[in-house]
Amino acid sequence: QVQGHRKSVGSNRFCHIAMAEPDYYQLIGVDRNATLHEIRSKFRAKVLAEHPDKGGDPKKFQMLNKAYNVLTDNEKRRRYDSTGRAEKSAEEEFVEGFAGGRHHFEPRTKEQDEKAIVSLQDRIIQGTQSHEEGFAEWLRQRDQQAMVLTDKDFMKTHLFNASELATKIAHPGPVQHLLGSPKTDAYGQALGGAVQVQVKPRPLKKTIDHDEVLVRMLAVPVDESMVYADLKKTGVCLGVTGVGRVEQAGTRVEDLKTSDPVLVLPKPAKFSSSHPIGTARTLLTCGEEDLLRIPNEILDELTPEQICLTPTIVCAYTVLEQFGSKLKPGDSVLLNAAHLSASGSALLQLCKLLKLKPLCMLSLPGSPKNLAKGEYGSKSAWADVDSRAAAPPTVRQQYERISELLVTMGAEEVFPDAVALLRWRDRNQRMLPKLALDGIATRDSCEQLIHCLQSGDKDAQIVVYGHGVAQPLEISPPLLAAWGGRIVGFNIARWVHSLSGNAKKMMAVMENVTKLVRANKFVLDTVMYKVGEDAISDAFSRAADAADNTQVVLIFPTLQEELTLSHQEQKAEMEKQARVKEEEAAKKREEDERDKLKSDWLNLLFTDQSVAAMSPEGPLSTAYEGGNTSNPSALLVWVGDDPKSDAAAMRDISAQAPSAALVSLAWSDHPAGEAFNEFSLKSPEVVDGSFYLRDRQGFENQDLDMLHDVELLGRCLLEAIEPKLGEFGLDWDKVVIMGFGKGAGIALYASLLNIFPKQVSAMVLFSPIVLFPSFLAQKMEALRKPGAGKMKVFTVWGNRNRSTPGTYRQLLAQTLKKAKDVHCTPDTLPDADHSFDSKSVNVLTSMLPLCLPR
């Protein structure tokens, strides 16, 4: 596995002892202040005596020639006299080449510094500028690139059809893409912080334009611009830089050829943090102007995962060169991101080479934040800060480990925050730095750096070179005004593309760094993760960890691996689709079988072949019996939901109909009514009416069970009424059914679906709960046999009854209208809910004369 494999730029460390060169003066036999003439005279005498042809020692003869070459070269002799060595080390070559050699061991004098600065007073003394000087200044202020129209610019927009010059991409399959999405809450609002990542294969476009290049990416560094990308939508391919090789070039691309090594560094105006170029993919299509060719000198010495750090290393170099122009060896530089990835490590090592003294602020997650607040230069801004809070043991261990590493790499001192630095400076009477480099770019980072810098009249400045966590900088205006310094931003991509010479300078800097790597003077720790194999989320977590200074680098599969992976994925996708189709077919067969069973079950309900008809469970029990039981003219049957509480009302009703017998039947006590009795009328689906609107296609198992229970209870109701009719010598046309709630619904189903052998005289139903009126209408159409006359049905509803919503009442009324031998009369009780109270009793007694048979 590639994951977790640590690799260092120049990490093949070896121990070597610098052998001291011999004393060339003693070897030739002259004093150290000998003239050139004396050296030549002594050399001739010595070289003749030590010549191998005359029996001399060949090694000594060779050393004499080397001594003569050194002592007769003024520059080599001066270096030999001062250092004891004639040749430059890689470190000395780097220092002498940095910024014109101002950090060399012989720094520029103060007088030379002052001469190099053109003051406003000198400009005033010189007087007004000439016409030529004004014209030259006007030219300098013009955008030279906007003024020039090259042949390439002309060809892009004129003379030909770009689609005719397009080149077909040779790679046939999709390639791996590292996609990022903003972290959001449950409502889709962006939360900020690190992005969420995933690796997915994505197809390529079929052709590249005449001025485009197809690059096979080899390595991409994971930096803050990727981890904290300011994305506005999901599925954005991440990556702003990287190294690769040209796979295909457009027909109008002249400077790049197939297999050329290139560094992807797009123009900032074309892409942004919310819309990156997307280098984190195996094949990248980009413009020729977004690529820089890598010289062979760099390619021979460094690996792709090392070369991809070129923008980071050159950024550190250029920041020190441009903004540290007035610093001399021994001056301090303030860093707040020395512990973060390759940028901080590069700055530290470059400062060490230039004899600068970095002061590092090391802020770790979980450690107390002691912030300097108040007026600039005031001791109270840091002296009054309560810093007694201690960091957890694990954070303290991380701080000690990283601090030791930073000191080893060149840091003079390491501080947890600005307050600690200011207290250290006060104890040691040290000068504050003039230059601070902000690489974390958080809300309060610049404000804390200001408190730790000299004032602006001493040329103090802050350079913001890091992407940070995509947060705006917050600085108090009074603090900024009191400080008076400069805050400057630096972007390596903008710097490279601002001048054509900067791209060459970038590669020249990397050639110098390559020499330092070869001499083991420059080291960067990297860890590689392979896209498509390793856990990329772990890579991003590691890159976002402030306690881990290792640079994370992504490497990509080869095109052959992509093709193999694509074939495997296609095969797996086909197998998956086949399994899905098979599962869908099996599911459909199961659903069809279940639908058939359900349809057969529903067709059998309320027929002679139903389960309820084949397996009766006995009559309903009698809760009350009264009225004229000796010779009644009619039979009143009450089917309520609570027979015990209805007993008093039954006595009042029997008193109002002295010629009729009255029977109250209890369905809720019957074993068949247990499930129906537990059904809640306060559930949301009942209250909003959606339960009543279900049709046979949407019935669930529990709906089928309840319909079966209603049929079974209706047949039990029949078994309870028939003996009474035989006892009293009455027929069904002398029966009046009265009921409430679920009991009224049971009675209505039994009457309308021919469970009763004949039609009853009338029905008075208070707030009837009739399951699924649309199903009742279908069964009536299939099963009901019209009676000889019209059956009167009175429905009484409470206007505050939430268990019988208006949509249900309308649907039930439409169902009853479909029964040709039924005459339905609805009524409404004011201020009534789902209950059978004294108001309901009064209404029932008033309706009895209309219902009793004559």
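From a predicted model like this one, the values you see are computed outputs, not experimental measurements. (Residues numbered from 1 in each chain as written. Predicted model: local features only at pLDDT ≥ 70, side-chain atom pairs only at ≥ 80, totals over all residues. Heavy atoms only, no water.)

Caption draft 1: Geometry of a nonpolar patch on the surface. On the surface, Phe135, Trp138 and Leu139 cluster together to form a nonpolar patch covering roughly 290 Å² of accessible area. Taking relative accessible area as the criterion, Trp138 reaches 42% and is therefore assigned partly exposed. (Patch = residues over 30% accessible without salt bridge, like charges linked within 9 Å, V, L, I, M, F, W, Y side chains within 5 Å. Areas by Shrake-Rupley, 256 points an atom, 1.4 Å probe, with all protein chains shown as cover. Salt bridge = Lys/Arg side-chain N within 4 Å of Asp/Glu carboxyl O. Buried < 20%, exposed > 50% of the residue type's maximum accessible area, 1.4 Å probe, protein only.)

Caption draft 2: Structural detail: the packing of helix α14 (residues 310-323) against helix α22 (residues 500-518). α22 packs onto α14 with a crossing angle of 100 degrees between their chain directions and a minimal axis gap of 10 Å. In terms of their interaxial angle, α14 and α22 are classed as roughly perpendicular. Side by side, α14 and α22 meet where Thr310, Pro311, Ile313, Val314, Tyr317 and Glu321 of the first sit next to Lys505, Met506, Val509, Met510 and Val513 of the second. Across the contact of α14 with α22, the residue classes tally to 8 nonpolar, 1 polar and 2 charged. (Axes fitted to C-alpha atoms, helices over the stretch in contact; angles between N-to-C directions. Helix = DSSP H or I, 4+ residues; strand = E, 2+ residues; numbered from the N terminus. Parallel < 35°, antiparallel > 145°, perpendicular 65-115°, else oblique. Contact = heavy atoms within 4.5 Å. Nonpolar A, V, L, I, M, F, W, Y, C, P; charged D, E, K, R; others polar.)

Caption draft 3: Looking closely at the packing of aromatic side chains. Following the criterion strictly, the structure yields 18 aromatic pairs and no others. Here the aromatic rings of Phe691 and Tyr692 are separated by 5.6 Å at their centres, their planes lie at 75 degrees, and the arrangement is edge-to-face. In this structure Phe691 comes out as buried when scored by relative accessible area, which is 1%. Pairing Phe699 with Phe775 gives two aromatic rings, centres 5.8 Å apart and planes at 75 degrees, and the pair type is edge-to-face. Taken together, the residues Phe699 in the loop between α28 (684-687) and α29 (701-728) and Phe775 in helix α31 (residues 773-783) connect sequence positions 76 residues apart. Here Phe699 falls in the buried class, since its relative accessible area comes to 6%. Assessed through its relative accessible area of 1%, Phe775 is described here as buried. A network of ring pairs unites the aromatic residues Phe679, Phe691, Tyr692, Phe699, Phe772, Phe775, Trp797 and Tyr808 as a single cluster. In this structure, Lys742 is placed above the aromatic ring of Phe676, and the distance from its NZ or CZ to the ring centre is 5.5 Å. (Phe/Tyr/Trp six-rings, centres within 6.5 Å; stacked < 30°, edge-to-face > 60°. Lys NZ or Arg CZ within 6 Å of the ring centre and 35° of its normal.)

Caption draft 4: Up close: helix α32 (residues 806-817). Between its first and last C-alpha atoms α32 spans 17 Å; for 12 residues at 1.5 Å apiece the expected length is 16 Å, and the two agree. Along α32, the positions that sit buried rather than exposed are Tyr808, Arg809, Leu811, Leu812, Thr815 and Leu816. Buried residues of α32 fall within an arc of 165 degrees about the axis and therefore sit on the same side. α32 presents Gln810 and Lys817 as exposed residues on the side facing more than 90 degrees away from its buried surface. Taken together, the buried residues of α32 touch α30 (741-752), α31, β25 (791-798) and β26 (822-829). (Expected span 1.5 Å × (residues − 1). Arc of directions from axis to C-beta.)

Caption draft 5: Examining the nonpolar core more closely. With 72 residues, the main nonpolar core has Phe94, Leu437, Met506 and Phe522 as its most contacted residues. Counting residues in hydrophobic clusters, the runner-up holds 65 residues, among them Tyr692, Ile746, Ala750 and Val822. (Core = buried A, V, L, I, M, F, W, Y, C linked by side-chain atoms within 4.5 Å.)

Caption draft 6: Examining the sheet that holds β26 more closely. Spatially, 7 strands are ordered β20-β22-β21-β23-β24-β25-β26 in an open sheet, and the strand pairing comes out mixed. On the outer flanks of this sheet lie β20 (621-627) and β26, each paired with one strand and no other. With strand direction ignored, the average angle separating the axes of adjacent strands in the sheet is 15 degrees. Strands in contact with α29 are β20, β21 (634-640), β22 (660-666) and β23 (735-740); relative to β21, the strand with the most contacts, it is inclined by about 160 degrees. (Pairing = 2+ DSSP bridges.)

Caption draft 7: Representation of the sheet that holds strand β4 (residues 196-202). Ordered by their spatial adjacency, 3 strands build an open sheet running β4-β3-β7, and the pairing between neighbours is antiparallel. Two strands in the sheet have a free side with no partner beyond their single neighbour: β4 and β7 (236-237). Pairing of strand β3 (residues 175-181) with β4 involves 7 bridges; the strand directions are antiparallel. The partner of Leu178 across the bridge, within β4, is Val199.

Caption draft 8: Structural view of the pattern of salt bridges. Under the criterion given, the structure shown has 30 salt bridges. Between Lys373 and Glu447 there is a salt bridge, with the nearest N and O atoms lying 3.3 Å from each other. With Lys373 in the loop between β13 (357-361) and α16 (380-383) and Glu447 in helix α19 (residues 445-451), this residue pair connects regions lying 74 residues apart in the sequence. Given the relative accessible area of 9%, Glu447 is considered buried.

Caption draft 9: Inspection of the pairing of strand β10 (residues 283-287) at higher detail. With 4 of 5 residues buried, β10 is to be regarded as a mostly interior element. Sheet topology note: the strand β6 (residues 212-221)/β10 ladder contains 5 bridges and is antiparallel. Across the sheet, Arg216 pairs through a bridge with Leu283, a residue of β10.

Caption draft 10: Structural context of the packing of α29 against α30. As a packed pair, α29 and α30 sit with axes 9 Å apart at the nearest point and diverge in direction by 75 degrees. With respect to their mutual orientation, α29 and α30 come out roughly perpendicular. On α30, the residues touching Leu707, Val710, Leu713, Gly714 and Leu717 of α29 are Ile746, Ala747, Tyr749 and Ala750. Partitioned by chemical class, the residues of the contact of α29 with α30 number 8 nonpolar, 1 polar and no charged.

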